[in-house]
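Each chain is listed here by its residues.
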Amino acid sequence: MATEILRTKWMAMTVSIWIQCTGGGSYTFGIYSAILKSTQSYDQSTLDTVSVFKDIGGNVGVLSGLVYTAATFNRRRRDGRERGGGPWVVILIGAILNFTGYFLMWASVTGLIRRPPVPVMCLFMFIAAQSLTFLNTANVVSSLENFADYGGTAVGIMKGFVGLSGAMLIQLYETICPGDPKTFILLLAIVPSLLSVLVMPLVRIYKTSTVDEKKHLDGLSTLSLIIAAYLMITIILKSILSLPSWANAVTLAVLLVLLASPLLVAVRARRGSIEKPLSSVYSPLVDKLEATTSGEILVLDEDKSLNVLQAMCNVDFWLLFLAMICGMGSGISTINNIRQIGESLRYTSVEINSLLALWSIWNFIGRFGAGYASDLLLHRKGWPRPLLMATTLGTMTIGHLIIASGFQGNLYPGSIIVGICYGSQWSLMPTITSELFGVKHMGTIYNTISIASPMGSYIFSVRLIGYIYDHTITGEGNTCYGPHCFRLAFVIIASVAFLGFLVSCVLVFRTKTLYRQIFEKRLHRR
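Keep in mind it's a predicted model, so treat the numbers as computed, not measured.

Colleague: Mind showing me how you'd approach the nonpolar core here?
Modeller: The nonpolar side chains of a soluble globular protein tend to be buried, and buried together. Membership of the largest hydrophobic core comes to 142 residues, with the highest contact counts inside it found for Ile17, Tyr32, Leu36, Phe161 and Met168. Tallying contributions element by element places helix H21 (residues 484–525) first for this core, with 12 residues.

Structure follows, in C-alpha cells:
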C-alpha cells in the first residue's frame with residue numbers, strides 16, 4: 001500500500017509542495033544582506049547591484065523551460081511514460097545550482113575563500129537565485145500536467161507555497177540560528193538542496209485522472225489556507241511579542257506538522273479514488289492557434305503545441321507580456337519601496353516590519369485564490385481566465401491610488417490590495433500560457449513572459465519611483481517626509497496598472513471563443 005501511495009500524482013504534488021516551501025531563499029535576502037555588505041566591504045550601490053542579479057536569476061528561467069522540455073517530452077514513449085528522463089532531472093539541476101550558489105556565498109562571508117570580486121559575487125547570487133526557476137518550472141508544469149482539468153488550482157497551490165517559502169525559511173532562521181546570518185546562508189545551501197534530492201524521484205507525470213479529483217484538491221486547498229493562516233498569526237505574534245527560543249522551536253515544530261498534513265490527502269485519494277486514463281477525446285490545453293478574420297482565436301489542431309518562437313509570433317503572447325509588465329512590474333515596485341514609503345509617512349519600524357512580513361501572506365492569497373477562482377469560474381460559468389486577470393489589474397489600480405493618497409493608515413489597505421492582486425498574476429499567467437500555446441513548451445514560454453517582472457521592476461522602481469523621489473527631496477539629507485514624496489509616482493503606477501487592465505480586456509475578447517470551446521468540451525465530458 002505504501003509503495004502504491006508513493007507512485008501517485010497526489011504524492012508527487014505533496015513532495016512538490018515541500019520543495020516549493022524551501023525554494024525561496026532569494027526572498028530572504030534582507031536577512032543576510034547586512035553581513036554580505038560588511039564582510040565584503042560593499043557600499044549600498046554595490047549591494048544593490050548584487051541584489052539585481054538575484055532578481056534576474058530568480059525571474060529569467062528560459063533555460064529551465066528548455067531543459068524541462070528536453071527532459072520530459074523528448075524522452076516519452078508512446079505510452080506516455082518517461083524513459084530515463086522526467087521532472088527529476090530539472091529538480092536535480094536546481095538543487096545543484098542552489099547548493100553551489102549559497103555555499104560559495106557562505107564560504108565568502110566566513111573567509112573560507114578569498115573575498116571574490118564584485119562580478120564573481122554577482123555570479124554566485126545569480127546561480128543561487130537561478131535554482132528557483134528550475135525547481136519552480138519542474139513543480140508547476142508537472143502539477144499542471146497531472147491535474148490538467150484543474151490546472152488553475154494546481155498552479156495556484158504551487159505558486160502560493162513558493163510565495164510563502166520566504167516566511168517559512170525565516171521561521172527556520174529564528175529557531176536554529178537567530179542573529180547568525182552566516183549560518184543561515186549555509187542552511188540555505190543545505191536544506192533545500194538535500195530535500196530536493198531526497199524526494200525528486202517522486203515527482204513524476206501521470207497520465208491518469210481520478211473520479212473525485214476536485215474533492216481532494218479542495219482538501220489540499222483547505223490545508224494550504226490553514227498553513228497560511230498559521231504563518232500569519234505567528235508573524236503577528238512575533239512582531240508584537242518577544243518569544244523565547246523554546247517558543248520559536250514550538251512554532252517551527254507545529255509548522256512542520258502542518259506541512260506533513262498533505263500526506264493525509266495523498267493517502268485518502270489513493271484509498272478512495274479509482275484511477276482512469278485521461279480521455280483522448282478532450283484535452284484542456286489548446287495546442288495550435290490562429291486568428292480568424294474577426295480577431296478571435298479558434299482551435300485548429302490539437303497535440304501540436306507552439307514553441308517559444310512560434311508563440312512570440314502570436315499577438316496574444318505580447319498582450320500577455322505587456323499585461324504582466326504592468327501587473328508584475330507595478331506590484332514588485334511597491335514592495336521594493338514599501339519601507340521608504342512607510343518612513344516618509346512616519347510609520348514606526350515595527351509597523352513597517354509587519355507590513356513587509358505580511359506581504360508574503362497577501363501574495364499567497366492572491367496566488368492561490370486566483371488559481372482556484374479561475375478554475376471555479378471556468379468550470380461553472382465558462383468565463384475566460386483573462387477576465388479574472390483584468391479584474392485583478394483593475395483592482396490593483398485602486399490599491400496604488402490608495403497608496404498615492406497618503407491618508408493615515410493607507411499602507412494597510414493599499415498593501416493588502418496590491419499584494420493580493422500582484423500574487424494573482426503569478427498563478428493566472430502560467431495557466432493562461434498553457435491554454436493559449438500548449439503544455440509541451442509551456443515551461444519555456446511562461447518563463448520568457450516572467451522576464452516582464454524584473455523588466456517592470458527596473459522601469460517603474462528605478463527609473464520612475466527612484467527618479468521622482470530624488471527630485472522631490474527638499475533641504476538637507478537624502479530623506480523625504482510627507483504624502484507628496486510618492487504621490488506622483490504612484491498616480492503614474494496606478495495608470496500603468498490601468499493600462500494592464502485595458503490590455504487584459506483585449507485578451508478577454510480575443511480568447512472568448514477559445515474558452516467557450518473549453519467549457520463546452522468539459523460539459524460534454526460530464
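Colleague: What is the right way to read unusual backbone geometry from this model?
Modeller: Most peptide bonds adopt trans geometry, and most residues besides glycine take a negative phi value. Of note, Ser41 is a non-glycine position whose phi angle comes to about 55 degrees, a positive value. Inspection of the secondary structure puts Ser41 in the loop between helix H3 (29–39) and helix H4 (44–59). Unlike most non-glycine residues, Arg346 shows phi in positive territory, near 70 degrees. For Arg346, the location among the structural elements is in the loop between helix H15 (338–344) and helix H16 (349–381). Residue class for Arg346 comes out exposed when judged on its relative accessible area of 61%.

Colleague: It is not clear to me how the pattern of salt bridges should be interpreted in this structure. Could you clarify?
Modeller: When the charged atoms of two side chains lie near each other, side chains of opposite charge can form a pair. Counting across every chain of the model gives 7 salt bridges. For Lys214, the salt bridge goes to Asp218, with nearest N and O atoms at 3.0 Å. Here Lys214 pairs with Asp218, and both are found in helix H10 (residues 213–240), just 4 residues apart, close to one helical turn. We classify Asp218 as partly exposed; its relative accessible area is 23%. Across the pair Asp375 and Arg385 runs a salt bridge, and its minimum N-O distance is 2.9 Å. Taken together, the residues span a long stretch of sequence, with Asp375 in helix H16 and Arg385 in helix H17 (residues 385–405) at a distance of 10 residues.

Colleague: When you look at the packing of aromatic side chains in this model, what are you seeing that I'm missing?
Modeller: The relation between two aromatic rings is expressed through the spacing of the ring centres and the mutual angle of the planes. Inspection of the entire model under this criterion finds 18 aromatic pairs. Seen in terms of ring centroids, Tyr32 and Tyr102 are 6.4 Å apart; in terms of plane orientation they differ by 90 degrees. Their pairing is edge-to-face. Of the two residues, Tyr32 is situated in helix H3 and Tyr102 in helix H6 (residues 87–110); the sequence distance between them amounts to 70 residues. Tyr102 matches Tyr32 in its accessibility class, with the two residues each being buried. Within the aromatic cluster, the residues linked to one another by ring pairs are Phe161, Phe364, Phe368 and Tyr372.

Colleague: Teacher, can you tell me more about the state of the cysteines here?
Modeller: By definition, a disulfide links the sulfur atoms of two cysteine residues through a covalent bond. Here the structure, examined in full by the defined rule, presents 1 disulfide. A sulfur-sulfur separation of 2.0 Å characterises the disulfide bridge that pairs Cys480 with Cys485. Disulfide Cys480-Cys485: torsion about the S-S bond near -85 degrees, hence left-handed. On the accessibility criterion, Cys480 (4% relative accessible area) is buried.

Colleague: Honestly, the packing of helix H2 (residues 9–22) against H10 in this entry has me stumped. Any pointers?
Modeller: When two helices pack together, you describe them by how their axes are tilted relative to each other and by the distance separating the axes. Two numbers describe how H2 lies on H10: the axes approach to 12 Å, and their chain directions differ by 20 degrees. Taken together, the axes of H2 and H10 lie roughly parallel to each other. Pair H2 / H10 crosses with right-handed handedness. On H10, the residues that touch Lys9, Trp10, Met13 and Ile17 of H2 are Glu213, His216, Leu217 and Leu220. Here the residues of the contact of H2 with H10 are counted per class, giving 5 nonpolar, 1 polar and 2 charged.

Reading the values: the criteria
- Residues numbered from 1 in each chain as written.
- Predicted model: local features only at pLDDT ≥ 70, side-chain atom pairs only at ≥ 80, totals over all residues.
- Heavy atoms only, no water.
- Core = buried A, V, L, I, M, F, W, Y, C linked by side-chain atoms within 4.5 Å.
- Buried < 20%, exposed > 50% of the residue type's maximum accessible area, 1.4 Å probe, protein only.
- Helix = DSSP H or I, 4+ residues; strand = E, 2+ residues; numbered from the N terminus.
- Salt bridge = Lys/Arg side-chain N within 4 Å of Asp/Glu carboxyl O.
- Phe/Tyr/Trp six-rings, centres within 6.5 Å; stacked < 30°, edge-to-face > 60°.
- Disulfide = S-S within 2.5 Å.
- Axes fitted to C-alpha atoms, helices over the stretch in contact; angles between N-to-C directions.
- Parallel < 35°, antiparallel > 145°, perpendicular 65-115°, else oblique.
- Left-handed = near helix turned anticlockwise from the far one by under 90°.
- Contact = heavy atoms within 4.5 Å.
- Nonpolar A, V, L, I, M, F, W, Y, C, P; charged D, E, K, R; others polar.

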